[in-house]
Each structure stands twice: as C-alpha cells, then as structure tokens.
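Structural features, examined
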Amino acid sequence: MFSYRHAFHAGNHADVLKHMTLVAILQYMGQKDTGFTVVDTHAGAGVYRLDQDHARKSAESDAGIFRLLSAVEAAKAGSQPVPELVKHYLQQVRGFNSGKELRTYPGSPWISQALLRPQDKLKLFEVHPTDSRLLDKQVAELERGKQIEVLRRNGFEGLRSLLPTPTRRGLVLIDPSYELKTDYAAVIDCLEEALQRFPIGCYAVWYPVIGRPEAHSLARKLKAMSQRLQRSWVQAELNVGLTPTEGTSAQVAQGRAHTAMRASGMHVINPPFTLAAQLREALPFVTEALKDPIGSGWTVESGNY
C-alpha cells in the first residue's frame, strides 16, 4: 500500500483538473470573513520538483502543466482570451517559482496553505512513511504550527474526529491514489459518515477514469449519493485522449486501449454556486491545450437542491 508516490505524477492532467477546482473553491470560500477549515485526507509530500528524478522519470508534467503554460503563452501572443480560472490556477503555480522557468509544482496542501487567511486552518493526513516525513519537514519550515497540522494517520478514519469544523465552514478534499481497490468503497463510506456529521460542508472528491469496474461505478455512486441526500453537486471530467500509437479510435470507443490513465474527474458536494460555470468556461481551453489526437473531451454536470 506504500508503493504510490505522487512525485511521479505531479503536474499531470489530473493535477490540472484537481487543482483548478481546488483554487476555485478556496477563492470562493475566502470571500466571507468567517474562518474555515480545509481537511486534506491524502496530502502527499506537499510540494514537488519537476526537474528532478521522480518527475522526470514519468515526464507526465510535460503533457500537463507545461502544455497548459505553452497554450496560455500562445493565446496571449495571439491576443486570444484565457479563462479566468486558468489564470488564477497558473498564478498559484507560478507563485512557487522564481523567474520564467517552472521547477516546482505545488500539491494540494501547498495550494491550500497559500490561500489560507489568518483565521483559517489546514489539517493534512498522510500515512506514506516517506511522504509524511517530507510533508512534516516542509510544514515545519513554514512556521505556522497553530494554523497547519500534519496528521500521520489514515485520512478516511481520521476525518470523523474533525467534523463538524469549529466555524461550520469547511472543505474536505478526498483524493486517494486508488492503488487499492478498497479505496473506491472507502470514499463512499467516508462521505456517507462525513455528511451525517457535517452536512453543510463542501466535499471535493478526485477519481480516476480507468478501465476498472470500481472506477466506472464510483462516478455514478457519487451522483446518486448527492441526489439521495439532496445536496447540490458538480461533477467534471477531463479526458486528454490518446496518441495514434496507443490505440485505434475503435479501441478507445470500446474502452479496450491499453494505456496509462488518460481521464479523471472531480465530484464536489455543496459546491460554490459559481463552480459549474467556471469549469464550463475553463475546460474547453484546457482540453484543447492538453489533448492528444484520439478521444479527448470534457464534461461538466450539476444538480441543485
């Protein structure tokens, strides 16, 4: 269970979708004076180098954040519009880098801490031995011990002790690696309990779109849960498609192409009322920037109660 390291995947297309969504939610929550708590159930190492061994071995950021940056520069050069959410997301990423070169990529803990105000709190769960040590060290260097806490325990189990949040305003980010098949059921179970304890909290769940039955059913189960509990929701998916060498269009249509993960989704319960519109504006631009020739696309669905 400790083989997954997000350092190999930092800045890929899934991070682009996940972190754009995170920026949109936190910026919205920051508009009210009352403090809020952010809980990250699977925090990872916090911040990643894109020019060193782990990230360069997979080079997933080349087809993710670096493609998006190139598309934004091309749009600016051609006096073409860039969606506001894309600008805000890239502003956060660039904030951790000096000069024009992008060497550092912020994971969700680092994006969250950058958008905290003095009255806000951040709780970070991480059980991976190496990543939890790195996260602990990096958080200690921030010298914000009263505001940010690293918890070395299972986030699915630990979440219950933090809900409801003290100010009744909170965001819970749930994005396990799904390396274990049991993670899919654990997400649903965790959400069921969390929504009983803190029904007005905002819950953002990242999930992979891959050829596994549990993955296919998770998106449906998340929508069904939101509808059953009469909670507003937004569900967005980004598919960057395939190269011609990875599968024919027929294989893609039938789900038979053997590839790395090419699509993922975000399901947000109790989202900001602005989120669906922001994602519908941003994802066509992002898809065009990141897409490979076969089978790319995006969707944004929503329901209100």
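Above this note sits the structure.
Okay, so let's go over this structure. Quantities reported herein were computed from a predicted structural model and do not represent experimental measurements.

Cut-off values and rules
Residues numbered from 1 in each chain as written. Predicted model: local features only at pLDDT ≥ 70, side-chain atom pairs only at ≥ 80, totals over all residues. Heavy atoms only, no water. Salt bridge = Lys/Arg side-chain N within 4 Å of Asp/Glu carboxyl O. Helix = DSSP H or I, 4+ residues; strand = E, 2+ residues; numbered from the N terminus. Buried < 20%, exposed > 50% of the residue type's maximum accessible area, 1.4 Å probe, protein only. Pairing = 2+ DSSP bridges. Axes fitted to C-alpha atoms, helices over the stretch in contact; angles between N-to-C directions. Contact = heavy atoms within 4.5 Å. Core = buried A, V, L, I, M, F, W, Y, C linked by side-chain atoms within 4.5 Å. Parallel < 35°, antiparallel > 145°, perpendicular 65-115°, else oblique. Left-handed = near helix turned anticlockwise from the far one by under 90°. Nonpolar A, V, L, I, M, F, W, Y, C, P; charged D, E, K, R; others polar.

Take the pattern of salt bridges next. When the charged atoms of two side chains with opposite charge come close together, those side chains can pair. For the structure on display, the rule yields 16 salt bridges. When the shortest N-O distance is used, the salt bridge between D175 and K18 registers 2.8 Å. With D175 in the loop between β6 (170-174) and α8 (182-197) and K18 in helix α1 (residues 13-29), this residue pair connects regions lying 157 residues apart in the sequence. You'll find D175 and K18 in the same group, each marked buried. Between R228 and E192 there is a salt bridge whose closest N-O contact spans 2.4 Å.

Right, let's talk about the sheet that holds strand β8 (residues 233-239) for a bit. Pairing between the strands of a sheet is mediated by backbone hydrogen bonds and can be parallel or antiparallel. The mixed open sheet is built from 8 strands, whose spatial order is β5-β4-β1-β6-β7-β9-β8-β10. Edge positions in the sheet fall to β5 (148-151) and β10 (297-303), since each of these pairs with one other strand and no more. Pairwise comparison of adjacent strand axes, ignoring direction, gives a mean angle of 10° for this sheet. Here 4 bridges tie strand β1 (residues 37-40) to β6, and the two strands are oriented parallel to one another. Across the sheet, residue D40 finds its bridge partner in β6, namely L173. Those strands touched by α1 are β1, β6, β7 (202-209), β8 and β9 (263-269), and its axis lies near 20° from that of β9. Set on the sheet, α8 makes contact with β6, β7 and β9; between it and β7 the angle comes to about 170°.

Attention now moves to the nonpolar core. Counting 90 residues, the largest nonpolar core has L68 and V86 as the members making the most contacts within it. Setting aside chain neighbours within four positions, we find L68 in contact with V16, V86, Y89, L90, F285, V286, A289 and L290.

What follows covers the pairing of β5. Inspection of the sheet shows strand β4 (residues 121-125) paired to β5 by 4 bridges, in the parallel sense. Across the sheet, K123 pairs through a bridge with E149, a residue of β5.

Our focus in this paragraph is the packing of α1 against helix α11 (residues 275-290). Two elements in contact, α1 and α11, have axes whose closest approach is 11 Å; the angle formed by their N-to-C orientations is 155°. One element, α1, and the other, α11, form an angle in the roughly antiparallel class. Considering only the axes of α1 and α11, their crossing is right-handed. Contacts from H13, V16, L17, M20, T21, A24 and I25 of α1 reach α11 at L275, Q278, L279, A282, L283, V286 and L290. When the residues that make up the contact of α1 with α11 are grouped by side-chain class, the tally is 11 nonpolar, 3 polar and no charged.

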